[in-house]
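# Residue-level structure breakdown
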Amino acid sequence: MAALVQERIETLGAFGDMTSFLFTDNVMPAESVWVPKKRTPEETLKFAAEQLVVLEAAAWESETIETALKALGEAQQWSVKENFMLLRAILTGSVQSPPLMESLIVFGKARSLDRIRRFIDAQKKLAPQRK
């Protein structure tokens, strides 16, 4: 992981901020982080569920994951930026992190899918409060 964040941090102290998502299971980004501009929480949550289905079926290799996610985004008319930022927010709790595909590989398939499922479940429980 150090090699992945080396170019993105200026001080060693920033390493912990950039990689803390790896060492905790309680990551829940604020709505302002995971809902792209011009999207609603409902449609964003629906897209996250579709990302989960795609990732469950994908071979856990960087290129395969990226291709599958991009195909989903094109089919659903989500830009690559929106698509990847949503997944980054779900996994890391932030819009800044080490490279997404490499982070997924390091994080592992089971742990990545579990985090996405927990995010979706938590947001569904919070949905009535948003109305």
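This report concerns the structure included in the present document. (Residues numbered from 1 in each chain as written. Predicted model: local features only at pLDDT ≥ 70, side-chain atom pairs only at ≥ 80, totals over all residues. Heavy atoms only, no water.)

Relative to the 24 Å expected for 17 residues at 1.5 Å per residue, helix H4 (residues 41-57) spans 25 Å between its end C-alpha atoms, a close match to the ideal helical length. When we look at burial in H4, the residues that qualify are Pro41, Thr44, Leu45, Phe47, Ala48, Glu50, Gln51, Leu52, Val54 and Leu55. (Helix = DSSP H or I, 4+ residues; strand = E, 2+ residues; numbered from the N terminus. Expected span 1.5 Å × (residues − 1). Buried < 20%, exposed > 50% of the residue type's maximum accessible area, 1.4 Å probe, protein only.)

To continue, consider the packing of H4 against helix H5 (residues 62-76). Taken N-terminus to C-terminus, the directions of H4 and H5 make an angle of 145 degrees; their axes are 10 Å apart at the nearest point. As for how H4 packs across H5, the hand of that crossing is right-handed. In contact with Phe47, Glu50, Gln51, Val54 and Leu55 of H4, H5 contributes Ile65, Ala68, Leu69, Leu72, Gly73 and Gln76. (Axes fitted to C-alpha atoms, helices over the stretch in contact; angles between N-to-C directions. Left-handed = near helix turned anticlockwise from the far one by under 90°. Contact = heavy atoms within 4.5 Å.)

Counted according to the given criterion, the structure contains six salt bridges. The partner of glutamate 82 in a salt bridge is arginine 39, and the shortest N-O contact between them spans 2.9 Å. Residue glutamate 82 is found in helix H6 (residues 80-92), and its partner arginine 39 is found in the loop between helix H3 (31-34) and H4; the two are separated by 43 residues along the sequence. The burial state of glutamate 82 is the same as that of arginine 39; both residues are buried. Close ionic contact of aspartate 114 with arginine 118 constitutes a salt bridge, the shortest N to O distance being 2.9 Å. Of this pair, aspartate 114 and arginine 118 both sit in helix H8 (residues 109-130), separated by four residues, roughly a single helical turn. Because the salt bridges share partners, they merge into one network encompassing Arg39, Glu43 and Glu82. (Salt bridge = Lys/Arg side-chain N within 4 Å of Asp/Glu carboxyl O.)

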